[in-house]
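Report on the structure
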Amino acid sequence: MTLEEVIEREGYSVIGRPTPKKDGWIKATGEAKFADDLYFPGMLHGKLLRSPLPHARILHIDTSRAEKLPGVRGVVTAKDFPGILYGDFAHTRDYLPLAQDRVRYIGEEVAAVAATDMDTAEEALDLICVEYEPLPAVFSPEEAMQPEAPQLYDRAPNNIASKSEFHYGDVEKGLAESDYVREDTFETQSMKQGMLEPHACVGLWEGSGKITLWSCKSSPYVVWRHLAMGLGVDPGNIRVIQTYIGGSFSGGKQEGMPMDFCAVILSKKTGRPVKFVHTMDEVLVIGHMRHSMKIRLKTGVKRDGTLVAQHCRIIANGGAHASIGQLSIFLPGLGLNLPYRVPNVQMESYRIYTNTGFAGALRSHTQPQICFARESQIEMIAKELDLDPVEMRRKNARAGGDVTPSGFKLGTFGFLDGLDRVIEASGWREKYGKLPRGRGIGMAGSGMISGARLMSHSASSAQIKIREDGTVALMTGSADIGQGADTVLSMIAAEVLGVRVDDVTYAMIDSDVTPLDPGAFSSRVTLWTGNAVKQAAEDARKQLEEVAAQKLKADPKHLVFRDRRVYVRHDPQRGMDFASLVRSTQNRLGHPVMGQGSYTSGDEPIAVQGGYGNASPAYSASVVVVEVEVDEETGHVTLAGIWNASDCGFPLNPMAVAGQSMGAFTMSMGQALYENLIRIEGQVMNPSFRDYKMPLIVDLPKVENVHLFDIITNDPNGPFGAKEAGQGPGDGVIAALANAIYNATGVRVKSLPISPSKILSGLEESRSNKP
Amino acid sequence: MKQRVPISLTVNGEIHELFIPPWQLLLDTLRDELGLTGAKRCCIEGQCGACTVLIDGKPINSCLYLTIEAQNQEIVTAEGLVEDGKPHPIQKAFVERGAVQCGFCTPGLVVATKALLDQNPNPTEDEIRIALSGHLCRCGAYVQITEAVMAAARETAQKEVGV
Amino acid sequence: MNYLRELPKFEYLAPQSIPEVCEMLAAHEGEAKLMAGGTDLIIMMRRREVVPHYLIGLKSVPELNFIREEKDGGLTIGAMATSWEIQSSSLVRQRYDFLAKTAADIGSIENLHVSTIGGNLCDGFPCVDFPAPLLTLDAKVKLVSQRGERIVPLDGFYLGYQKTAVEPDELLTEIQILPHNHRYGGAYIKFHDRHAIDITTTGAGAFITLDSDGQTARDVKIALTTSAPVPLRVKGAEAALCGRKVTEEATEEAGRIASEEASPRTSWRSTAEFRTKLVQVLVRRALRQAWRKVTTSSSSGAAPDLWLMHPLDPRIGENR
Ligand SMILES: Cc1cc2nc3c(=O)[nH]c(=O)nc-3n(C[C@H](O)[C@H](O)[C@H](O)COP(=O)(O)OP(=O)(O)OC[C@H]3O[C@@H](n4cnc5c(N)ncnc54)[C@H](O)[C@@H]3O)c2cc1C
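Remember, it's a predicted structure, so these values are computed and weren't measured experimentally. Per chain, the residues get numbers from 1 upward, laid out in the order the sequence is written. Chain A is the first chain written and ligand 1 is the first ligand written, with later ones labelled in order. Residue-level local features of this predicted model are given only where pLDDT is at least 70; pairs of side-chain atoms are given and counted only at 80 or more, and the full residue set underlies all totals for whole chains, interfaces and linings. Excluded from the side-chain calculations are hydrogens and water; all other atoms, namely the structure's heavy atoms, are used.

1. Notes on the overall build of chain A
Short version of the rule: For helices the rule is a DSSP run of H or I covering at least 4 residues; for strands it is a run of E covering at least 2, with both sets numbered from the N terminus onward. We call a residue buried when its accessible area falls under 20% of the maximum for its residue type, exposed when it is over 50%, and partly exposed in between, using a 1.4 Å probe and counting protein chains only. Every residue pair with non-hydrogen atoms within 4.5 Å of one another is taken to be in contact. The accessible surface values rely on the Shrake-Rupley method and a 1.4 Å probe; as for residues, cover is taken only from the protein chains in view.
Looking only at helices and strands, chain A features 21 helices and 28 strands. Dimensions of chain A along its principal axes, counting C-alpha atoms only, are 85 × 75 × 45 Å. Relative to its 771 residues, chain A shows a buried fraction of 69%. For chain A, the share of sequence-separated contacts (at least 6 apart) that also reach a separation of at least 24 residues comes to 80%. Accessible area for chain A stands at about 24900 Å²; split by element, carbon and sulfur atoms hold 49% of it.

2. Digging into the domain arrangement of chain A
Residues and elements named next belong to chain A. Filter applied, for reference: Domain delimitation follows an automatic or database domain assignment. Here the buried area means the combined drop in accessible surface, using a 1.4 Å probe, for two parts upon being joined, counting both sides. Salt bridges, as used here, are contacts in which a Lys or Arg side-chain nitrogen is within 4 Å of a carboxyl oxygen on Asp or Glu. Polar contact is defined as a pair of N or O atoms within 3.5 Å, subject to the rule that within protein one atom must be able to donate a hydrogen and the other to accept it, and that residues adjacent in sequence are counted only when both atoms are side-chain atoms. Residues are grouped as follows: Ala, Val, Leu, Ile, Met, Phe, Trp, Tyr, Cys and Pro are nonpolar; Asp, Glu, Lys and Arg are charged; all remaining types, including Gly, are polar.
Taken domain by domain, chain A consists of domain 1 (3-32 + 459-599), domain 2 (35-135 + 198-245 + 253-285) and domain 3 (292-453 + 607-769). If you average the C-alpha positions of domain 1 and of domain 2, the two centres end up 39 Å apart. Taken together, the contact pairs 21 residues of domain 1 with 19 residues of domain 2. Buried area between domain 1 and domain 2, summed over both chains or domains, comes out near 1600 Å², and the portion from carbon and sulfur atoms is 54%. Per-residue buried area on domain 1 facing domain 2 is highest for M508, I509 and S511; these three make up 32% of the total on that side. Across the salt bridge formed by D512 and K210, the nearest N and O atoms sit 3.1 Å from each other. At the junction of domain 1 with domain 2, the criterion picks out 7 residue pairs in polar contact (both at pLDDT 80 or more). Each residue belonging to the side of domain 1 that touches domain 2 can be placed in one class, and the counts come to 12 nonpolar, 3 polar and 6 charged.

3. Brief notes about the sheet that holds strand β9 (residues 200-205) of chain A
Residues and elements named next belong to chain A. Using the following cut-off: Note on pairing: DSSP must find at least two bridges between two strands before they are called paired. In this analysis an axis means a line fitted to C-alpha atoms, helices contributing only their contacting stretch, and an angle means the value between N-to-C directions, from 0 to 180 degrees.
With mixed pairing, the 7 strands of this open sheet are ordered in space as β3-β5-β1-β12-β9-β10-β11. Single-partner strands in this sheet number two, and they are β3 (72-77) and β11 (238-242). Direction aside, neighbouring strands of the sheet carry axes that sit 20° apart on average. Sitting on the sheet, helix α4 (residues 118-127) is in contact with β1 (44-50), β3 and β5 (109-115), with an inclination near 25° to β1. Strands in contact with helix α7 (residues 220-231) are β9, β10 (211-215) and β11; relative to β11, the strand with the most contacts, it is inclined by about 150°.

4. What about the interface of chain B and chain C?
Accessible area lost upon the coming together of the parts is a frequently used measure of interface size. Taken together, the contact pairs 35 residues of chain B with 36 residues of chain C. Counting each side, the surface lost to burial between chain B and chain C is near 3100 Å², with a carbon and sulfur contribution of 62%. Taken together, the connections running from chain B to chain C amount to 4 salt bridges. Between R47 of chain C and E45 of chain B there is a salt bridge whose closest N-O contact spans 3.0 Å. Linking chain B with chain C are 6 residue pairs in polar contact (both at pLDDT 80 or more), by the criterion used here. Counting residues per element, the ones that place at least two in the side of chain B that touches chain C are β4 (58-61), α3 (106-119) and α4 (125-131) of chain B. Among the residues making up the side of chain B that touches chain C, the classes are represented as 18 nonpolar, 10 polar and 7 charged.

5. Some words on the nonpolar core
Note the following rule: Here the nonpolar core consists of buried residues drawn from Ala, Val, Leu, Ile, Met, Phe, Trp, Tyr and Cys, with membership extended through side-chain atoms lying within 4.5 Å.
F689 of chain A, F94 and I145 of chain B together with L134 and L287 of chain C are the most contacted members of the largest nonpolar core, which totals 238 residues. The dominant element in this core, judged by the number of residues it contributes, is helix α11 (residues 272-296) of chain C, at 10 residues. Membership of the second largest hydrophobic core comes to 111 residues, among which are I238, L497, W528 and L559 of chain A.

6. So, the interface of chain B and chain A
Across the contact, 51 residues belong to chain B and 54 residues belong to chain A. A buried area of about 4300 Å², summed over both sides, lies between chain B and chain A, and 62% of it is on carbon and sulfur atoms. When the buried area of chain B at its contact with chain A is split by residue, R129, R138 and Y142 of chain B rank highest and sum to 20% of it. Summed over the shared surface of chain B and chain A, the result is 6 salt bridges. D36 of chain A serves as the salt-bridge partner of R31 of chain B, at 3.3 Å between the closest nitrogen and oxygen. Our count for the contact surface shared by chain B and chain A stands at 22 residue pairs in polar contact (both at pLDDT 80 or more). For the side of chain B that touches chain A, the secondary structure elements donating two or more residues are α1 (26-33), α2 (89-96), α3, α4 and α5 (142-161) of chain B. Tallied by class, the residues present in the side of chain B that touches chain A amount to 24 nonpolar, 13 polar and 14 charged.

7. Some remarks on the pairing of β9 of chain A
Residues and elements named next belong to chain A. Most of β9 is tucked away: 6 of the 6 residues are buried. The alternating pattern of β9 places A200, V202 and L204 and C201, G203 and W205 on opposite faces, both of which are buried. For β9 and strand β12 (residues 274-277), the ladder comprises 4 bridges, and the chain directions are antiparallel. Residue pairing for β12: C201 is matched across the bridge by F276. Examined bridge by bridge, β9 and β10 share 5 bridges and lie antiparallel to one another. From the neighbouring strand, C201 faces β10, where its bridge partner is S215. Taken together, β9 and the strand that follows it, β10, pair antiparallel across an intervening segment of 5 residues, in which G209 is found at a positive phi of about 95°.

8. Describing unusual backbone geometry
Note that the residue after L752 of chain A, namely P753 of chain A, is joined by a cis bond; omega there is -5°. Examined against the element boundaries, P753 of chain A turns out to sit in the loop between α20 (733-745) and α21 (756-769). Positive phi outside glycine occurs at F720 of chain A, with the angle close to 50°. One can find F720 of chain A in the loop between β28 (706-712) and α19 (728-731). Its identity as a non-glycine residue notwithstanding, N72 of chain B has a phi of 60°, on the positive side. Among the secondary structure elements, N72 of chain B is positioned in the loop between β4 and β5 (74-76).

9. Focus on the sheet that holds strand β3 (residues 54-57) of chain C
Residues and elements named next belong to chain C. Here 3 strands make up an open sheet; going across it, the order is β1-β3-β2 and the pairing parallel. Taken across any chain shown, the strands that pair with only one partner, and hence form the sheet edges, are β1 (11-13) and β2 (32-35). Strand-to-strand twist across the sheet, computed as the mean angle between neighbouring axes with direction ignored, equals 25°. Pairing of β1 with β3 involves 3 bridges; the strand directions are parallel. For L13, the partnering residue across the bridge sits in β3 and is I56. On top of the sheet, helix α1 (residues 18-27) reaches β1, β2 and β3; it is set at about 170° to β3, its chief contact.

10. Re the packing of aromatic side chains
Selection criterion: Stacked, edge-to-face and tilted labels apply to pairs of Phe, Tyr and Trp rings (six-membered ring for Trp) whose centres lie within 6.5 Å, assigned for plane angles under 30 degrees, over 60, and everything in between, in that order. Here, a charge over a ring means that NZ of Lys or CZ of Arg falls within 6 Å of the ring centre while also lying within 35 degrees of the ring normal.
Using the criterion set out here, one finds 31 aromatic pairs over all chains in the structure. Between Y184 of chain C and F207 of chain C the ring centres are 5.2 Å apart and the planes differ by 35°, which places this aromatic pair in the tilted class. Taken together, the residues Y184 of chain C in strand β11 (residues 184-191) and F207 of chain C in strand β12 (residues 202-210) connect sequence positions 23 residues apart. For K59 of chain C, the ring lying beneath its charged end belongs to Y65 of chain B, and the centroid distance is 4.4 Å.

11. Points about the site of the ligand
Residue and element names in this part refer to chain C. In plain terms, the rule: One heavy atom suffices: a residue is near a molecule or strand as soon as one of its heavy atoms comes within 4 Å of it.
Not every one of the 31 residues close to the ligand is listed here, only the nearest: L34, G37, T39, T116 and D129. The backbone of G107 places a nitrogen or oxygen atom 3.2 Å from an oxygen atom of the ligand. In the environment of the ligand, an oxygen atom lies 3.2 Å from a nitrogen or oxygen atom belonging to the side chain of D123. When the ligand is considered free in solution it has 980 Å² of accessible area, and contact with the protein chains removes 94% of it. For the shell around the ligand, the secondary structure elements donating two or more residues are β2, α7 (117-123) and β10 (171-177). Of the residues forming the shell around the ligand, the biggest block, 5 residues, is contributed by α7.

12. A closer look at the environment of R394 of chain A
With respect to the element layout, R394 of chain A can be found in helix α12 (residues 389-396). Once the C-alpha coordinates of R394 of chain A and T63 of chain A are considered, the two residues, 331 residues apart in sequence, prove to be 65 Å apart.

13. Brief notes about the side chain of N61 of chain B
Tracing the backbone shows N61 of chain B in strand β4. Residues in contact with N61 of chain B, not counting those within four places in the same chain, are G46, G49, C51 and T52 of chain B together with S108, E110 and N111 of chain C.

14. Let's talk about helix α11 (residues 367-384) of chain A
An α-helix turns once every 3.6 residues. As a result, residues three or four positions apart point the same way. Residues and elements named next belong to chain A. What counts, and what does not: A helix is expected to reach a length of 1.5 Å times the quantity of its residues less one.
Taking 1.5 Å of rise per residue, the 18 residues of α11 would be expected to cover 26 Å, and the 25 Å separating its terminal C-alpha atoms lies within 8% of that figure. Of all 18 residues that make up α11, 16 are buried, and the element is covered over most of its length. Looking one or two residues beyond α11, the residue adopting positive phi is D386, at roughly 60°.

Written as structure tokens, this is what we have:
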């Protein structure tokens, strides 16, 4: 079914129509206040002192000279905190607001100051004297796993921060029964979230003990919990208020950071609001990045390309802290065989502590890495067996109704539809193997969850308050981070209540006011929060319906809410306007009309160490084709065309879905071709957007060469059939590029980024190998 | 060393008499002294374009420009494109074409587009791309941004012929 | 490496004339820094690589900002001419389209409006783009101080990494390009990872004048970016081509010789090996382009009347 047919059939008035972002206007005019745009009377400026050493004991910190500098109002060190570890998973928590007796990477926070201006704050840092005793450091995970390697934490022998292991079916048997077995090792690099807005916050600790943090957090409630934990105070005393968010992509905007703790504790010390803003080089030096990984993938297939068994072993560089790494190391296993039927799968993945910045979540949390490995290897297998790579994927593709060996229940899964769409639209058959030298086409497929029920609290809630002018106040706990949550959630409410999107106001998250929520990550908001909003709107509508039914003398079932009116379906003249219905209902009920809803997946949470069970209420599928042109003398790659099909269930807001799809694409393209956070001996060499190179507008193909397709599967678990759209469309992109570059040049690059020099070396190698 | 010097700055048509440190950058003056926070503090190295403002119609990175050197010139920020409370057609095009996601890059892009269309009312797609190549958008809305600029160009062209 | 900081405190001086600049430089020798566009200097100050007590602003000196044709037909560019002004100058476009093209690609449009050619030359970094094409044009610079003025050929101006012939009390006021009396054509091609903005991994400029026989190269100049501690003329490669027809084989040979003359370094940004390979390719391409211009058009390759002479604009001509 097409988008239009669904809209027609369902009679949607809001859903399915491209809708500009609600906050677009104030963002385009510069009015929207991001965290660094907040100014309070008497506000002080904070700055963090960072470790210059990758691993050292802190013997002594002398802050006396800094404290005496005129303009300095407060200096804090670990002593000012209760020394309670905070973090995400109880068994891996290892964060402290400031380093206590040991620093474990260059950039780790050891002290903070608050001063009347930034110049003074910086000068004060120069005056803090830290006495370190350097310790041997270890930077690569392989070395860190050796028995004699320096240990970062006592509780983690061999520096294994976390691991995930599972085995379904019988891999050994499967491999033995395969006609062809192939093993490859793929390497992926460190990559940053790269959001343009640096982390920033303002902290206020009032005399009453009330603590407020204004910040650009994508998961304000996680931060709320972290603050309570690390400060050792009652969560009820803490209020986290979201500002506009200049991009998140997970990482530091999802957690409590040293700056957040220091802002509030310095406010307590000084009695003033304290603002912290990272400079971009601090953002790039500190932790929070994508795990770099070594992925060893062994796959057995039948002669005809049927996948039989897959064994994957991953070593990931976790850096100096656990962060959300327990989840990170489970997720590649989750995605490993999502789009294909592989009866026997085995996974061992290890996240290793090293003296480098710590890694965690980043858009599509580990999926682009695992897809790079799998989708590159499928292509190599097809080549080896002389099979058509498209047909090989088709043969093994999953479809709706499948259950994976690890227990994922794929309700809908539009993989094959997506495959057909991009193959046809890209002219694959006319191009594959037929393009001139230097020109190539490549593809990859992927699958993605729509929010996971992996942690204890994984429910979303919504509240709706209908005002007597017929406008709707919508509150959820899910922050808009640019992905369009404000708009799509308002659309859902508007559709149910028959009002316009502009009639709905979407509240910023405020832990004192808006419902509890895990936050904006894991592709969960549209499905989970969307379902909660739908319920809340239906709850409110029910109250209105009863009164309308009486007034219009109709069966509530026959009422239609649309275009700010309520009327009887078979007699549209018999109706009333929405605002007067609201007033009547309010009168009749004796209280304002309010609705509530909440949603959690019906499944039990599964263990992140690699347990069996259904990870998500819905799974999306994506297939991407790219065409590239490679300059065979320099190795330079130009992207000539994109065809990306994604099964988002139903595109509630096609404009936002397109935005998410291209956003995910572009980020993965950056990882494939340009981005690389380079560390030497633990020191970041390129903490600057000059050298940390994210894609520019000129790196993308021209408008007419970008083709996006929404595959419509109407998932029964999604609100109005919707599934995720913000991460899946990027998962296969790295592999598709690698495959296209191979197709263009015959060079197979198995380590990221696929730089011109690697391509050029590959070309030279193949030239010298030719007789 | 003089900690502060008097200067006169014309921003969005308004003259401001200020007393600022000579080492203050235009970005900081706009934000910290004048409360014009549309220009964003992002990379502060001229690499991202989020701090772009116009000086005498030319787009510049305000993070690499001393305030003291911006005197006697017309400075325009994203806030200044709004006329009588109405967003500029460029701002409108950005919103309506889905070119705004997180919005952190948007004010800079909008003023850069203003400069482009003032100088070159009918840019080719290549020219649009080159003109905006100094603006990072991590949300990856480059296609939508290009479309928005093309739409804005059409709209301003129509206005001129009075359609 | 230092973290980015607020700018250090300095006294700002706004001279109105060249003599005034020289006076200030002399008065505060060792304590003052000239500030042109500031696109490099501001970042260096933020990182505390430079901490001047006095900052002498050059934007207030109108006589430093010009592009003019001399009576003898030569071209002189003032130190404070911005990249934008150079790329849009019809004089530069007509004479040396490749110089306009180089100017149009000094980073973003925002950077073009502020960055100056004087700042670019005086930076002393081997990775900046104006030196190579100017070296191929045999450009000279004028240095002025209270002690007097001197003309220094650009070839020889660079003494080492971030070291130039400019003395602490001196100001670079202009760049001089003598007239070329024979048919000529030039090209400058740079390589970097993304399609714009990046620091140049390697760049090559070539300038060829045609002999009166209309067949052979009378003179060839080749210069490289990021291929040595300084912007580098590769004279062996030049010599190999002089008096010859610039055939495919000849460009091939010149590329090879140039790559032997180059001594790029390995850093985390790129390896010497890769850069050496690029030198070969880029020199060959630049020569090919320059030769095509010499042999196919009557002048230097008349620049189209475009808003911007950017190499990514397909109307400018291909990059190979
Ligand atoms: C986003 C971005 C992209 C860039 N891309 C490029 C690029 O593609 N190619 C490239 O080459 N560069 C590039 N640059 C670097 C820079 O913009 C150029 O080198 C520019 O030309 C420097 O000129 P300026 O006027 O800004 O110099 P300034 O920063 O003002 O000065 C640089 C140095 O020269 C000295 N100086 C300046 N003028 C004089 C003078 N008249 N006499 C004596 N000394 C003087 C200063 O004291 C200082 O030490 C880029 C920069 C940015 C921020």
